[in-house]
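# Fold and contact review
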Amino acid sequence: MLYLVPTPIGNLEDITLRALRVLREVDLIACEDTRVSARLLKHYGITTPTTSYHAHNEARKALELIGRLKAGSRIALITDAGTPGISDPGFFLVRACIQQGLPVVALPGPTAFVPALAASGLPTDRFVFEGFLPSKKGRQKRLMALAEEPRTLVFYEAPHRLVKTLDDLAQAFGDSRAAVVARELTKTFEELARGTLRTLHTYYAAQPRIRGELVLVVAGTDYKSDPHWPCDRVQVTAAFPPTP
Ligand code: SAM
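This one's a predicted model, so the numbers in the text were calculated from it and none came from an experiment.

### Brief notes about unusual backbone geometry
Even without being glycine, Ser-87 reaches a positive phi, approximately 55°. By secondary structure assignment, the location of Ser-87 is in the loop between strand S4 (75-78) and helix H4 (90-99). The backbone of Glu-184 sits at a positive phi, close to 55°, despite the residue not being glycine. By relative accessible area, which is 14% here, Glu-184 ends up buried.

### Looking at the domain arrangement of the protein chain
Each assigned domain of the protein chain is listed here: domain 1 (2-106) and domain 2 (113-238). Between domain 1 and domain 2, the C-alpha centre-to-centre distance is 30 Å. Listed as interface residues are six residues of domain 1 and, on the opposing side, nine residues of domain 2. Regarding the contact of domain 1 and domain 2, the summed buried area is about 510 Å², with carbon and sulfur atoms giving 64% of it. Of all residues in domain 1, the largest losses of buried area upon contact with domain 2 belong to Ile-9, Ile-86 and Ser-87, amounting jointly to 73% of the total for that side. At the surface where domain 1 touches domain 2, the tally comes to zero salt bridges. Put simply, domain 1 and domain 2 have two residue pairs in polar contact (both at pLDDT 80 or more) between them. Tallied by class, the residues present in the side of domain 1 that touches domain 2 amount to two nonpolar, three polar and one charged.

### Examining the packing of helix H6 (residues 139-146) against helix H7 (residues 162-173)
At a minimum axis distance of 9 Å, the contact between H6 and H7 shows a crossing angle of 50°. Taken together, the axes of H6 and H7 are oblique relative to one another. Between H6 and H7 the crossing geometry is right-handed. Residue-level contacts link Arg-139, Leu-143, Met-144 and Leu-146 of H6 to Lys-164, Thr-165, Asp-168, Leu-169, Ala-172 and Phe-173 of H7.

### Describing the sheet that holds strand S5 (residues 104-106)
Spatial strand order, S3-S2-S4-S1-S5: five strands in an open sheet with parallel pairing. Looking along the sheet, the strands with just one partner apiece sit at the ends: strand S3 (50-52) and S5. Taking each pair of neighbouring strands and ignoring which way they run, the sheet shows an average axis angle of 25°.

### Looking at the site of the ligand
Neighbouring the ligand are 19 residues, the closest being Thr-83, Ile-86, Thr-111, Tyr-156 and Leu-214. Measuring from an oxygen atom of the ligand, one finds a backbone N or O atom of Thr-83 at 2.8 Å. Residue Tyr-156 places a side-chain N or O atom 2.6 Å away from an oxygen atom belonging to the ligand. Protein chains shield 90% of the accessible area of the ligand, which is 580 Å² for the free molecule. When each cavity is represented as a set of grid points, the ligand is found to reside in the largest pocket. Looking at the shell around the ligand, the elements that each hand over two or more residues are strand S7 (152-157) and strand S10 (214-218). Looking at side-chain class alone, the shell around the ligand contains 10 nonpolar, four polar and five charged residues. The two domains that each donate at least three residues to the shell around the ligand are domain 1 (2-106) and domain 2 (113-238).

### Examining helix H5 (residues 113-120)
Among the residues of H5, Phe-113, Ala-116, Leu-117 and Ser-120 are the ones counted as buried. Angular distribution of buried residues about the axis of H5 spans 95°; they occupy a single face of the element. Of the residues one or two after H5, Gly-121 is the one with positive phi, at around 90°.

Calculation criteria
- Residues numbered from 1 in each chain as written.
- Predicted model: local features only at pLDDT ≥ 70, side-chain atom pairs only at ≥ 80, totals over all residues.
- Heavy atoms only, no water.
- Helix = DSSP H or I, 4+ residues; strand = E, 2+ residues; numbered from the N terminus.
- Buried < 20%, exposed > 50% of the residue type's maximum accessible area, 1.4 Å probe, protein only.
- Domains from an automatic or database assignment.
- Contact = heavy atoms within 4.5 Å.
- Buried area = accessible area lost by both parts, 1.4 Å probe.
- Salt bridge = Lys/Arg side-chain N within 4 Å of Asp/Glu carboxyl O.
- Polar contact = N/O pair within 3.5 Å; in protein donor to acceptor, adjacent residues only side chain to side chain.
- Nonpolar A, V, L, I, M, F, W, Y, C, P; charged D, E, K, R; others polar.
- Axes fitted to C-alpha atoms, helices over the stretch in contact; angles between N-to-C directions.
- Parallel < 35°, antiparallel > 145°, perpendicular 65-115°, else oblique.
- Left-handed = near helix turned anticlockwise from the far one by under 90°.
- Pairing = 2+ DSSP bridges.
- Near = heavy atom within 4 Å.
- Areas by Shrake-Rupley, 256 points an atom, 1.4 Å probe, with all protein chains shown as cover.
- 1 Å grid on protein atoms, 1.4 Å probe; cavity = no way out; pocket = protein on both sides within 12 Å on 5 of 7 lines; lining within 4 Å.
- Sits in = over half its atoms within 2 Å of the grid points.
- Arc of directions from axis to C-beta.

Right, dumping it as structure tokens:
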């Protein structure tokens, strides 16, 4: 049996009791980066053996893990953060298991895009998760294909690409499209910046360096502008405002 076990996206308290039990009881934990996961496992006193499974060894390693699953092993898959299979190498192993008729059980738990979307203030009744935009080939085509999307759009992005992505999105969707950057969710410096694609671009372009992990939430074409939405400036809310 393969268990997909979500792990915290920052705050180590964000893990379910069931996830901890499964991690204790399985025969093996396949980790994206064993050093990253060691911190979590040590924190919870989990001594289950680990092995690495990541984007650079997924084809070879999936074969090995499938062999062990067929022999009756119970394996948990965890990634550096969040739910395995969401914008990470988990998908490859899940598909390989299904092709081999092996059962896959996904535990519910942390994933970065859900708290970003939920706290964004943009419509959540219908949304589309786009993950990472292509960095080069196919990027423009994807942007054009999404420009008329009526649902709220959710993207993952690396901090060093945020300014370029906001600029590209503003050019493709229009400067005034409402958007939110959710940064460092569940961590000490968690912050949500609300504005338009252009005001957010200007705001982040003025920062010497953007740190941390982030999710970008962008209004769809169906969004009826909220009179309270900060359109002419960026409004930043922090979970832990720095003391004066
Ligand atoms: N599997 C993960 C999930 O369930 O969300 C996503 C893995 S993907 C490789 C990593 C991306 O998730 C980051 O580049 C960032 O966009 C987003 N992310 C992860 N942790 C985050 C956090 N604490 N705050 C904001 N975004 C985060």
